[in-house]
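Observations on the model geometry
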Amino acid sequence: MEELDVEPAITNIPAASDGKHLGFAWGPGDILAYETLYKASSGAKGSGCSFIHEVRKDEDIYSPILRKLFNESHHIFVGLQTIKEDLPSKNKKPQFVSISKNYRSVIRACMEELQQVAVSTKDAKVAMQYGNQVSILLAIELIWNLAEVLFIDSAPAGSLLLHLLDWVRLHKADVDEKAREVLQSESPAEHKDYWDVVLSYVMQGRLEESRQMLVKQATLHPAPRNMYKLMDTLLSKMPFYNPGGNQTLTEYDVKWRHWHEEVDRCLQDNSFASNKHLEIICRILVGDEDALLEHKELLGTWYHFLVTRLLFSHPTVQPTELHYYAQSCMTMFLDSRSVPEPLDNILLAAFEFDIHQVIKECSIALNNWWFVAHLTDLLDHCKLLQSHNLHFGSNLREFLLLEYASGLFTHHSLWQLAVDYFDHCPDLGRVYLELQIERVPLNTERKALKVLRICEQRQMSEQVRSICKIMAMRALKNNRLGSALSWSIRAKDAAFATLISERFLQDYCARGTFSDLDLIDNLGPAMLLSDRLTFLGKYREFHRLYGEKRFGEAAKLLLSLMTAKIAPRSFWMTLLTDALPLLEQKEVIFSAGQTYELMFCLEELTSSLSSVAPATDGTMQDEDIEQTKVELLRLALARNLATAIVKEGTVST
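Quick notes on the rules
- Residues numbered from 1 in each chain as written.
- Predicted model: local features only at pLDDT ≥ 70, side-chain atom pairs only at ≥ 80, totals over all residues.
- Heavy atoms only, no water.
- Helix = DSSP H or I, 4+ residues; strand = E, 2+ residues; numbered from the N terminus.
- Buried < 20%, exposed > 50% of the residue type's maximum accessible area, 1.4 Å probe, protein only.
- Contact = heavy atoms within 4.5 Å.
- Areas by Shrake-Rupley, 256 points an atom, 1.4 Å probe, with all protein chains shown as cover.
- Polar contact = N/O pair within 3.5 Å; in protein donor to acceptor, adjacent residues only side chain to side chain.
- Axes fitted to C-alpha atoms, helices over the stretch in contact; angles between N-to-C directions.
- Parallel < 35°, antiparallel > 145°, perpendicular 65-115°, else oblique.
- Left-handed = near helix turned anticlockwise from the far one by under 90°.
- Nonpolar A, V, L, I, M, F, W, Y, C, P; charged D, E, K, R; others polar.
- pLDDT = per-residue confidence, 0-100.
- Core = buried A, V, L, I, M, F, W, Y, C linked by side-chain atoms within 4.5 Å.
- Salt bridge = Lys/Arg side-chain N within 4 Å of Asp/Glu carboxyl O.
- Expected span 1.5 Å × (residues − 1).

Of regular secondary structure, the protein possesses 31 helices and three strands. Of all 653 residues assigned to the protein, the portion counted as buried reaches 45%. In the protein, once contacts between residues fewer than 6 apart in sequence are set aside, the share between residues at least 24 apart is 64%. Within the structure as shown, the protein displays about 34200 Å² of accessible surface, and the carbon and sulfur contribution to it stands at 53%.

This is how it looks when you write it as structure tokens:
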């Protein structure tokens with residue numbers, strides 16, 4: 001059956017609400033909590049609680065939508081590992097940027113699906129849960145996008161601001177919704193949000209859209225048309241750097257300064273003094289920080305303020321200068337009494353190009369290892385983490401991948417993804433995989449075969465034996481002898497194969513037929529694993545020869561099983577009984593020499609039986625049956641010996 005996701009259960013611990021002391025132990029995905037006997041006064045004793053509570057699980061891996069994130073990102077991760085190390089860095093950079101965009105597209109796809117479910121659900125609690133997950137993914141995508149711009153693409157001056165503008169526009173999309181409302185109204189220029197939309201467009205550097213909006217205002221108020229025309233000219237003249245063009249960064253900077261001086265002159269000449277809205281736009285264009293801070297609610301965040309400030313005051317900012325502007329913008333934008341959020345600290349660390357601080361802050365703030373593991377892996381491939389090794393066995397990339405993969409192993413199906421992550425951790429991945437693979441519950445034979453295939457592909461012989469033994473024992477308990485024998489052969493476990501072979505023989509003695517004939521008929525070289533298994537295979541071969549009326553070969557094989565001591569002594573009587581039909585054949589099957597050997601085996605068996613202690617009354621009837629068999633065998637052997645001697649004597653003369 002297909003395994004279904006279930007929401008993790010919430011466990012209420014009475015001891016916690018009673019104010020008692022709790023002990024706890026961390027696992028890869030859960031926390032176990034238990035009540036302790038701790039008392040304030042030393043030496044005091046009290047009754048403890050015998051329960052261990054599972055108090056938390058990583059909820060993300062149980063979300064069907066977020067599972068898509070894990071599955072899709074796994075494919076991207078595996079593809080990233082195939083990029084050849086010997087390629088020049090210049091050739092690999094576009095590949096790394098493309099991979100980064102793929103990761104972000106997966107994040108956005110999951111985010112949109114979560115948003116749709118949150119809106120459509122009628123359960124307020126579920127809606128809030130999905131809403132929280134959307135917020136987390138939104139922050140993750142924001143951080144990843146910035147890391148892509150600063151670290152992976154490592155955009156130079158000029159291009160850097162263009163990338164940052166795209167970054168802000170992507171994560172500040174509410175202006176487009178507001179613009180649609182304004183434009184769909186009867187009179188857009190008189191809408192209450194009209195000027196908010198115009199200012200938002202300007203602060204995002206979307207000057208063409210802001211010009212189109214201003215046309216509507218100029219049409220409505222023809223008197224101050226010259227002012228609107230002048231503003232339109234200033235907006236249209238603002239230069240933007242073109243990385244693919246012939247213009248150098250210095251030439252662009254000169255051109256931008258000329259435009260900036262022209263805007264400043266208009267402001268100084270009070271060209272827009274009669275229209276406060278146009279004057280505010282003009283102040284923003286010259287990079288007036290006070291004008292920007294007056295519209296905090298439109299900017300929304302300090303990093304939007306940062307990008308807008310750079311756009312209109314320092315568009316050729318160098319990457320190394322970013323940290324100065326970022327720190328000052330955050331200080332100016334945030335209230336002096338407010339404490340920066342974790343997201344603020346992460347973004348600030350990114351602007352300071354402190355990659356390790358970004359990873360550290362994300363590890364603390366986020367509720368699982370998915371983001372830091374994949375981002376760190378990508379940055380490591382970009383050769384940005386080479387100088388940072390840990391003091392406890394592996395580098396930062398491997399440590400985070402191991403933690404993430406260990407968490408996946410707690411899920412009933414995502415554990416299969418974790419195997420590839422362990423495979424690409426050269427130092428400790430193999431050790432972790434060996435430890436974790438043993439914890440996978442083998443609920444079905446299909447799942448056991450999956451685990452076994454993984455172990456066999458990686459030559460994990462100890463784990464292969466362990467899995468096969470577990471499955472063989474389980475099959476034996478369920479009286480599925482064929483499956484148990486198959487697993488024991490796969491495990492190369494001679495002792496267990498002997499035990500199961502004994503069960504097969506006992507089953508044959510009780511029922512008179514073999515079960516799982518296909519398996520026994522096709523043992524091949526596997527029958528050499530143990531003597532008892534060899535006997536089982538050969539004994540089945542005897543029956544096959546007998547059924548095909550190849551009596552001579554069957555008789556020879558039957559005799560060899562006893563004389564070579566392959567057959568257990570306890571089974572000799574059965575073999576001798578099987579010889580009876582051959583002894584009674586009209587044609588002589590056993591030669592005189594073979595008959596003597598059979599007689600010797602019979603006497604050896606009867607002498608050993610007679611030396612056993614006297615039986616109880618309950619077994620007297622069985623003894624009579626055995627005695628009858630012995631007498632019949634002696635008679636048949638004597639008769640066959642006489643016939644064989646006569647035949648052999650006749651042939652010799």
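Glycine aside, residues mostly have negative phi angles, and peptide bonds mostly take the trans form. Phi angles above zero are rare outside glycine, and Asn270 is one such case at about 60°. Residue placement: Asn270 occurs in the loop between α10 (249-268) and α11 (276-285). The phi angle at Lys383 is positive, at roughly 65°, despite the residue not being glycine. By the element assignment, Lys383 lies in the loop between α18 (370-381) and α19 (396-408).

Next up on the list: the side chain of Ser159. The topology assignment puts Ser159 in helix α5 (residues 159-171). We classify Ser159 as buried; its relative accessible area is 11%. Those residues in contact with Ser159, other than ones at most four positions away along the chain, are Tyr241 and Pro243.

What follows covers α11. Side chains of residues three or four places apart in an α-helix project in the same direction, reflecting 3.6 residues per turn. When you tally the buried positions in α11, you get seven out of 10 residues, the bulk of the element. Of the positions making up α11, those classed as buried are Leu278, Ile280, Ile281, Cys282, Arg283, Ile284 and Leu285. Packed against the buried residues of α11 are α7 (194-203), α8 (207-220), α9 (225-237), α10, α12 (289-293) and α14 (302-313). The N-terminus of α11 is capped by Asn275, whose side-chain oxygen sits 3.1 Å from the backbone nitrogen of His277. Gly287 lies just past α11 and shows a positive phi near 85°.

Axis separation between α18 and α19 bottoms out at 9 Å; the angle between their running directions is 150°. As summarised for this structure, α18 and α19 are arranged roughly antiparallel, according to the angle between their axes. Crossing angle aside, the handedness with which α18 passes α19 is left-handed. Listed contacts from α19 to Trp370, Val372, Ala373, His374, Thr376, Asp377, Asp380 and His381 of α18 are Leu396, Arg397, Leu400, Leu401 and Tyr404. Considered class by class, the residues forming the contact of α18 with α19 number seven nonpolar, three polar and three charged.

Let us now look at the environment of Ile589. Along the polypeptide, Ile589 turns up in the loop between α29 (572-583) and α30 (592-610). Setting aside residues no more than four positions away along its own chain, Ile589 makes contact with Phe551, Gly552, Ala555, Leu582 and Gln594.

Attention now moves to the confidence of the model for the protein. Low pLDDT means the predicted coordinates in that region are not meant to be read closely. Averaged over every residue, the pLDDT of the protein is 82; the share at 70 or more is 85%. Throughout residues 1-6 the model reports pLDDT below 50, and contacts reaching past four residues in sequence, or to other chains, amount to 11 contacts.

As a further point, take the nonpolar core. Judged by nonpolar contacts, the single largest core of 193 residues is most densely connected at Trp167, Trp302, Phe351, Trp370 and Phe371. It is helix α4 (residues 124-152) that contributes the most residues to this core, 13 residues altogether.

Right, let's talk about the environment of Ile99 for a bit. Mapped onto the elements of the fold, Ile99 is located in helix α3 (residues 89-120). By relative accessible area, which is 10% here, Ile99 ends up buried. Excluding residues within four positions of it along the chain, Ile99 makes contact with Ile76, Leu80, Ile83 and Leu378.

So, about the pattern of salt bridges. Working definition: two side chains of opposite charge can pair if their charged atoms are close together. Counted under the stated rule, the structure contains 27 salt bridges. In this structure, Asp193 and Lys192 form a salt bridge, with 3.3 Å as the shortest nitrogen-oxygen distance. Taking the relative accessible area as the measure of exposure, Asp193 reaches 13% and is therefore buried. Of the charged contacts, one joins Glu445 and Arg480 as a salt bridge, the two residues approaching to 3.0 Å between their closest N and O atoms. Of this pair, Glu445 sits in helix α22 (residues 445-457) while Arg480 sits in the loop between α23 (461-477) and α24 (481-491), and the two are 35 residues apart along the sequence. Judged by its relative accessible area of 40%, Arg480 falls in the partly exposed class. Linked through salt bridges whose partners overlap, the residues forming this network are Lys101, Arg104, Arg108, Glu141 and Glu148.

Let us look at α18. The end-to-end C-alpha separation of α18 is 17 Å, in line with the 16 Å expected for 12 residues at 1.5 Å each. With 12 of its 12 residues buried, α18 lies for the most part within the structure. Of all the residues in α18, the buried ones are Trp370, Phe371, Val372, Ala373, His374, Leu375, Thr376, Asp377, Leu378, Leu379, Asp380 and His381. Phi turns positive one or two residues past the end of α18, at Lys383, with a value near 65°.

The N-to-C vectors of helix α15 (residues 322-333) and helix α16 (residues 342-351) enclose an angle of 155°; their axes lie 8 Å apart at closest approach. As judged from the angle between their axes, α15 and α16 are roughly antiparallel. Contacts between α15 and α16 involve Leu322, His323, Ala326, Gln327 and Met330 from the first element and Asp344, Leu348 and Phe351 from the second. The residue inventory of the contact of α15 with α16, partitioned by class, reads five nonpolar, two polar and one charged.

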